[in-house]
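# Report on the structure
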Amino acid sequence: MKALGPARGGRRILAVAACLAIFGCGETWEADTYPASGRISINGKPPAGALVQLFPTGARKTDDRDSRPWGLVKDDGTYVLATYNAEPGAPAGDYMLTLTWPPDASRPSMVDKLRRQYATPEKSRWKVTVAKGDNVLPLVELNDVKIDDKAGSVASKPVDGLSPPLETTKTRRGRGRR
């Protein structure tokens, strides 16, 4: 077996050291998470299917990928936050809570029955803190909110610069161009 020369052996050691530095000696990029849940009420009723998201305050990121804790509101108005692979938990820190309510929670949508009034962290009313340990976030209670139950239907109007629904045009059959 050939012995490695000093230059070749040194390069390999540097390559291994670089890989360990980049990948953190096998540690994961995910932040530690802690159980976090809450409850939401809109006009006295649970907004089942609404989406809660947390955005870190300031320049802080939750992790290297800037993940966002999120949760879907259940039929009873409660939600449980998840951050990674839908596993319960959120990284510790201060956040702005946002709320959107798609017409069908089982399908991704930019449509919001709340007309995007609570969709951006910059306009959020709710600052929440996730601490180490179990967390029950403060109740989010909205009253006198206009809910667009037709959101996402062809008859609904565009909201906040979103594209309008596609319009269909009637064509005459059996007539060619003249």
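Attention in this report is confined to the structure presented alongside it. The numbers attached to residues start from 1 for each chain and follow its sequence in the written order. Restriction of local features to residues with pLDDT of at least 70 applies here, the model being predicted, together with a cutoff of 80 or more for giving and counting side-chain atom pairs; totals for whole chains, interfaces and linings are based on all residues. Computation of side-chain values covers all heavy atoms of the structure but excludes hydrogens and water.

### Here we look at the pattern of salt bridges
To keep it simple, the criterion reads: We define a salt bridge as a side-chain nitrogen of Lys or Arg found within 4 Å of a carboxyl oxygen belonging to Asp or Glu. To sort residues, take the accessible area from a 1.4 Å probe on protein chains only and compare it with the maximum for the residue type: under 20% means buried, over 50% means exposed, and anything in between is partly exposed. Under the DSSP-based scheme used, a helix requires at least four consecutive residues in state H or I and a strand at least two consecutive residues in state E, with every element numbered from the N terminus.
Taken as a whole and judged by the stated rule, the model has 2 salt bridges. One salt bridge connects Asp66 with Arg68, and the closest N-O pair in it is separated by 3.2 Å. Residue Arg68 is classed as partly exposed on the basis of its relative accessible area, which comes to 27%. Salt-bridge contacts for Arg115 lead to Asp148; the nearest nitrogen and oxygen are separated by 3.9 Å. Of the two residues, Arg115 is situated in the loop between strand S9 (93-100) and strand S10 (126-130) and Asp148 in the segment after strand S12 (140-142); the sequence distance between them amounts to 33 residues. For Arg115, a relative accessible area of 41% translates into the label partly exposed.

### Structural notes on the nonpolar core
Formally: For this analysis, a nonpolar core means a set of buried residues of the types Ala, Val, Leu, Ile, Met, Phe, Trp, Tyr and Cys, connected via side-chain atoms within 4.5 Å. Only heavy atoms enter the contact rule, under which two residues are in contact if any of them lie within 4.5 Å.
With 23 residues, the main nonpolar core has Ile40, Ile42, Val52, Tyr79, Leu81, Leu97 and Leu99 as its most contacted residues. Listed by contribution, the elements that provide at least two residues to this core are strand S2 (36-42), strand S3 (51-56), S9, S10 and S12. Look past the residues within four positions of Leu81 in its chain and what remains in contact with it is Ala36, Val52, Leu54, Pro69, Trp70, Gly71, Glu87, Pro88, Gly89, Ala90 and Leu137.

### Quick look at the packing of aromatic side chains
Where we set the bar: Any two rings among Phe, Tyr and Trp, with Trp reduced to its six-membered ring, count as a pair given centres within 6.5 Å; such a pair is stacked if its planes are under 30 degrees apart, edge-to-face if over 60, and tilted if neither.
Here the structure, examined in full by the defined rule, presents 2 aromatic pairs. A centroid spacing of 5.5 Å and a plane angle of 85 degrees characterise the contact between Trp29 and Tyr84, whose relative ring orientation is edge-to-face. A residue pair is termed long-range when its members are at least 10 positions apart, and Trp29 in the loop between helix H1 (6-23) and strand S1 (33-34) and Tyr84 in strand S6 (residues 82-84) qualify at 55 residues. Looking at Trp29, the relative accessible area reads 28%, which means it is partly exposed. A residue is classified by how much of its surface remains accessible, and Tyr84, at 8% relative accessible area, is buried. With centroids separated by 5.7 Å and ring planes inclined at 40 degrees, the aromatic side chains of Tyr118 and Trp126 adopt a geometry described as tilted. The same class applies to Tyr118 and to Trp126, which are both buried.

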